[in-house]
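Architecture and fold: a report
The chain contents come next:
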Amino acid sequence: MALHGKDHLEFRVIANTTADGTTSCGNGGCPTVYEVDDDTFVVQGYEANEMFESGFVPAGENVVRIPKGLIRQLLASQSI
């Protein structure tokens, strides 16, 4: 696993793609699914809270948009 986080958590990229969902990227600027060593996943995407009515997304949570290609890549990798 690659160390990317605070508090000594280790993150491993298991899927990432460009905004159009067609190709992988490796510079950290694309939607990504990370596996974390505490048996969780972290998803990096485009902020999308503004798509919902006020109060729909609970305090302390955020909604992100990701390309369908990211989910296809994740399923194809059989990482989960």
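Quick look at the structure, then. Fair warning: this is a prediction, and the values are worked out from it, not measured in the lab.

Bringing the sheet that holds strand 2 (residues 32-36) into the picture now. Within the open sheet, the 3 strands sit side by side as 1-2-3. Their pairing is antiparallel. In this open sheet, the two strands that pair with only one neighbour each are strand 1 (11-16) and strand 3 (40-44). With strand direction ignored, the average angle separating the axes of adjacent strands in the sheet is 25°. With 5 bridges connecting them, strand 1 and strand 2 associate as antiparallel partners. When the bridges of strand 2 are listed, Ala15 appears paired with Val33. In this fold helix 1 (residues 68-77) packs onto strand 1 and strand 2, with an angle of close to 115° to the strand it touches most, strand 1.

What follows deals with helix 1. Each full turn of the α-helix corresponds to 3.6 residues, which orients residues three or four apart in the same direction. Those residues of helix 1 lying buried are Gly69, Leu70 and Leu74. Take helix 1 and look down its axis: the buried residues cluster within an arc of 140°, on one side only. In helix 1, those exposed residues whose orientation departs by more than 90 degrees from the buried face are Lys68, Arg72, Leu75 and Ala76. Tucked into the core, helix 1 has its buried residues touching strand 1 and strand 2. Gln78 sits one or two positions beyond helix 1 and adopts a positive phi of about 55°.

All right, on to the environment of Ser79 then. On the secondary structure map, Ser79 appears in the segment after helix 1. Judged by relative accessible area, which is 25%, Ser79 ranks as partly exposed.

Despite not being glycine, Asp39 shows a phi value in the positive range, around 65°. Residue position: Asp39 is located in the loop between strand 2 and strand 3.

What follows is about the nonpolar core. Within soluble globular proteins, side chains that are nonpolar generally end up buried alongside one another. Judged by nonpolar contacts, Ile14, Ala15, Val33, Leu70 and Leu74 together constitute the single largest core of 5 residues. Of all elements in the fold, only strand 1 and helix 1 reach the threshold of two or more residues within this core. With residues near it in sequence (within four places) discarded, Leu70 still touches Ala15, Asn16, Thr17, Pro31, Thr32 and Val33.

Right, let's talk about the pattern of salt bridges for a bit. Enumeration over the complete set of coordinates arrives at 1 salt bridge. Between Glu35 and Arg12 there is a salt bridge, with its nearest N and O atoms 2.5 Å apart. In this pair, Glu35 sits in strand 2 while Arg12 sits in strand 1, placing the two residues 23 residues apart along the sequence. Taking the relative accessible area as the measure of exposure, Glu35 reaches 21% and is therefore partly exposed.

Reading guide: rules and limits
- Residues numbered from 1 in each chain as written.
- Predicted model: local features only at pLDDT ≥ 70, side-chain atom pairs only at ≥ 80, totals over all residues.
- Heavy atoms only, no water.
- Pairing = 2+ DSSP bridges.
- Helix = DSSP H or I, 4+ residues; strand = E, 2+ residues; numbered from the N terminus.
- Axes fitted to C-alpha atoms, helices over the stretch in contact; angles between N-to-C directions.
- Contact = heavy atoms within 4.5 Å.
- Buried < 20%, exposed > 50% of the residue type's maximum accessible area, 1.4 Å probe, protein only.
- Arc of directions from axis to C-beta.
- Core = buried A, V, L, I, M, F, W, Y, C linked by side-chain atoms within 4.5 Å.
- Salt bridge = Lys/Arg side-chain N within 4 Å of Asp/Glu carboxyl O.

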